[in-house]
Amino acid sequence: MIDKVFPTPDDALHDLPDGATIMFGGFVSAGSPSNLILALRRRGTKRLTGIANNIGLGDMLDVLCEERQLAKFIATFAIRASGARSSRFEEQYRRGEVELALVPQGTFVERIRAGGAGIGGFLTRTGIGTVVEEGKQVVSVSGVDYLLELPLRADFALIKAYRADRLGNLQYRRAGRNFNPVMATAADVVIAEVQEIVEPGEIDPEDVGTPGVYVDRVVRCEPVPIRWQG
Amino acid sequence: MVQGLSRELIALRVARELREGMVVNLGIGLPTLVSNFLPPDEQILLQAEDGILGYGPISEADFDPDLINAGGQPVTLLPGASFFDSAASFAMIRGGHVDVAVLGGLEVSERGDLANWYLPDRGGGSIGGAMDLACGARRLIVAMTHTAPGGRPRIRRSCEYPLTAAGVVDLIVTDLAVIEVHPEGLLLTEVAPGVAPDDVQSRTEPVLRRSPALREMEL
């Protein structure tokens, strides 16, 4: 009998090693796997490369800076232009203690989609004529210049969904989808935090947002109420 | 001393550009205020990068962490709203399915180049969805103050800050003026109440052509 349910988020991360590359789903507060991030904080794993839309903005990821677990981060939003408030991540970045690669958000998600879909890269207008172009191949198609962007994959993906069954089928809720279903396709080990685990069949097949084939482990957790204060 | 429009009135003027049936993405900051001034009798679909089409006013009541706009603010849903993942969201944006994007600006050049993500003075900034929106939206409106704190013109011959995208801006709405971007240069079409065209020009680096129909903004 297939059973992907793990008892605790700490158990679900039992084999996550130092130096791993990890994708984190979520957009600010929406669909962010806060319990798995807190378990990663407790685990103390070091020299991690993180991949997430944002860090230090209404998400739990900034806790990974408390004991300097991050060596590198790939994000679309991490450093604010306004100096109103600094995250720990931003402070460490400014001291040169963590590396940051900023990626346009549409390119970020499409690179992950390509990584999960067996696509060797894609062409986009986004970034042409900007610093994003540096070091990349420009491909002209029918007289229009595009940047060649390459796929992105990870060792682990930590994601959040609303409900799961023991087969790993996931149902999402509202804007909690965001990067989660895409990242579920693009990592060797995919771990989903959910609010509820139900019997197979209870999630209507019409409502399955991520088929269980993509998901290795599920763990039920109480949602962490997080809210970005701007 | 020239008294320009408040941030709210800039947003109100931008809202006048929006029409029934349009799909519109509002950027973080000043553009977000546009949602407060949408024409009440027209159906305008607001798109949020995090995967909502058809969200409604910002509401602090009954906060749901899974129901936020791209600025992290809690929003409501209007009848007919839909959710989708980030890949679909940016396919919508890149694929030309968003009629209008309203973004904030740090600098706009006379060729319609936009710089709005990195502030060299602070040595910081993030790209977010701005580059994709700037390239992908059918029409790009930039809403910003005409000059930076200290009086430096934001509308320039060339942008000095790192670009968000080149040659993409269609309309600039500031506290002083409304300016269209055309292949032959910038066209001043409206001035804020009490602001003279010369006041606008003296705070703008490139030369503005003045529209024969140049008028005071109706607010």
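As a reminder, the structure under discussion sits directly above these lines.
First, a word on what this report is: a plain description of the structure on this page. (Residues numbered from 1 in each chain as written. Chains lettered and ligands numbered in written order. Predicted model: local features only at pLDDT ≥ 70, side-chain atom pairs only at ≥ 80, totals over all residues.)

Scanning chain A from terminus to terminus reveals five helices and 12 strands. Taking 2.2 N^0.38 as the reference for a compact globule, 230 residues should give roughly 17 Å; the C-alpha atoms of chain A span a radius of gyration of 18 Å, in line with that estimate. Counting only C-alpha atoms and orienting by the principal axes, one finds that chain A spans roughly 55 × 45 × 30 Å. Evaluated residue by residue, chain A yields a buried proportion of 52% over its 230 residues. (Helix = DSSP H or I, 4+ residues; strand = E, 2+ residues; numbered from the N terminus. Rg over C-alpha atoms; globule rule 2.2 N^0.38 Å. Buried ≥ 20, exposed ≤ 12 C-beta atoms within 10 Å, placed from the backbone.)

Take the overall build of chain B next. Along chain B, the regular secondary structure elements total four helices and 15 strands. The C-alpha radius of gyration of chain B comes to 17 Å, within 12% of the 17 Å expected for a compact globule of 219 residues. Over its C-alpha atoms, taken along the principal directions, chain B stretches across nearly 45 × 35 × 30 Å. Considering chain B as a whole, with its 219 residues, one finds that 52% of them fall into the buried category. Of all intrachain contacts in chain B linking residues separated by at least 6 positions in sequence, the fraction that spans at least 24 positions is 62%. (Contact = placed C-beta atoms within 7 Å.)

For the rest of this paragraph, the subject is the environment of B:Leu38. Residue and element names in this part refer to chain B. Summarising the element assignment, Leu38 is placed in the loop between strand 1 (23–26) and strand 2 (45–48). Residue classification places Leu38 among the partly exposed residues on the basis of 17 C-beta atoms within 10 Å. Expressed as a C-alpha distance, the spacing of Leu38 and Arg16, which sit 22 residues apart in the sequence, is 7.8 Å. Aside from chain neighbours lying at most four places away, what touches Leu38 is Ala15, Leu18 and Ile44.

Another aspect to go through is the interface of chain A and chain B. Taken together, the contacts link 42 residues of chain A with 36 residues of chain B. Sorting the residues of the side of chain A that touches chain B by element identifies helix 4 (105–117) and helix 5 (180–183) of chain A as the ones contributing at least two each. With five residues, the top contributor of residues to the side of chain A that touches chain B is helix 4 of chain A.

This next bit is on the sheet that holds strand 7 (residues 138–141) of chain A. Residue and element names in this part refer to chain A. One open sheet accounts for three strands, arranged 6-8-7; its pairing is antiparallel. The open sheet has two edge strands, strand 6 (122–124) and strand 7, and neither has a second partner. Neighbour to neighbour, the strand axes of the sheet diverge by 45 degrees on average, direction disregarded. The sheet contact formed by strand 6 and strand 8 (residues 144–149) spans three bridges and is antiparallel. In the sheet register, Phe122 faces strand 8, and the bridge partner there is Glu149. Those strands touched by helix 4 are strand 6 and strand 8, and its axis lies near 165 degrees from that of strand 6. (Pairing = 2+ DSSP bridges. Axes fitted to C-alpha atoms, helices over the stretch in contact; angles between N-to-C directions.)

This paragraph deals with the sheet that holds strand 1 of chain B. Residues and elements named next belong to chain B. Taken together, the 10 strands give an open sheet; going across it, the order is 4-3-2-1-5-10-12-13-14-15, and neighbouring strands pair in mixed fashion. The sheet is open, and its two edges are formed by strand 4 (75–83) and strand 15 (209–216), each paired on a single side. Mean inter-strand twist for the sheet, computed between neighbouring axes without regard to direction, equals 30 degrees. Here strand 10 (residues 139–143) runs beside strand 12 (residues 171–173); their pairing, made up of three bridges, is parallel. For Ile141, the partnering residue across the bridge sits in strand 12 and is Leu171. Against the sheet, helix 1 (residues 7–15) makes contact with strand 5 (100–104), strand 10, strand 12 and strand 13 (177–182), and its axis sits at roughly 165 degrees relative to strand 10, the strand it touches most.

All names here are of chain A. Across four bridges, the pairing between strand 7 and strand 8 is antiparallel. Residue Val141 lies in a different strand from strand 8, and its bridge partner there is Val144. Here strand 7 folds back onto strand 8, and the loop between the two strands holds two residues, one of which, Ser142, carries a positive phi near 50 degrees.

With that settled, consider helix 4 of chain A. Residues and elements named next belong to chain A. Relative to the 18 Å expected for 13 residues at 1.5 Å per residue, helix 4 spans 18 Å between its end C-alpha atoms, a close match to the ideal helical length. Of all 13 residues in helix 4, 12 are buried, a share of seventy percent or more. Following helix 4 by one or two positions, Gly118 has its phi on the positive side, about 70 degrees. (Expected span 1.5 Å × (residues − 1).)

It is worth spelling out the environment of A:Ile203 at this point. Within the fold, A:Ile203 resides in the loop between strand 11 (187–198) and strand 12 (217–220). Placed 126 residues apart in sequence, A:Ile203 and A:Phe77 show a C-alpha to C-alpha distance of 34 Å.

Each regular strand shows side chains that alternate between the opposite faces of the sheet. Residue and element names in this part refer to chain A. Pairing between strand 1 (residues 5–6) and strand 12: two bridges, direction parallel. Bridge assignment links Phe6 to a residue of strand 12, and that residue is Val219. Note that strand 11 and strand 12 share four bridges and pair parallel. Bridge pairing in strand 12 links Glu193 to Val219.

All names here are of chain A. Located in the positive-phi region is Arg47, a residue other than glycine, with phi close to 55 degrees. Within the secondary structure, Arg47 is located in the loop between helix 2 (34–43) and strand 3 (48–51). In this structure Arg47 comes out as partly exposed when scored by C-beta crowding, with 13 C-beta atoms within 10 Å. At Ser142, a residue that is not glycine, the phi angle is positive and equals roughly 50 degrees. Tracing the backbone shows Ser142 in the loop between strand 7 and strand 8.

Let us look at the packing of helix 4 of chain A against helix 2 (residues 86–94) of chain B. Running from N to C, helix 4 of chain A and helix 2 of chain B cross one another at 130 degrees; their axes reach a closest spacing of 9 Å. As the angle between them shows, helix 4 of chain A and helix 2 of chain B are arranged oblique. Crossing handedness for the pair helix 4 of chain A and helix 2 of chain B: left-handed. On helix 2 of chain B, the residues that touch A:Gln105, A:Gly106, A:Val109, A:Glu110 and A:Arg113 of helix 4 of chain A are B:Ser86, B:Ala87, B:Phe90, B:Ile93 and B:Arg94. Of the residues belonging to the contact of helix 4 of chain A with helix 2 of chain B, the class tally is four nonpolar, three polar and three charged. (Parallel < 35°, antiparallel > 145°, perpendicular 65-115°, else oblique. Left-handed = near helix turned anticlockwise from the far one by under 90°. Nonpolar A, V, L, I, M, F, W, Y, C, P; charged D, E, K, R; others polar.)

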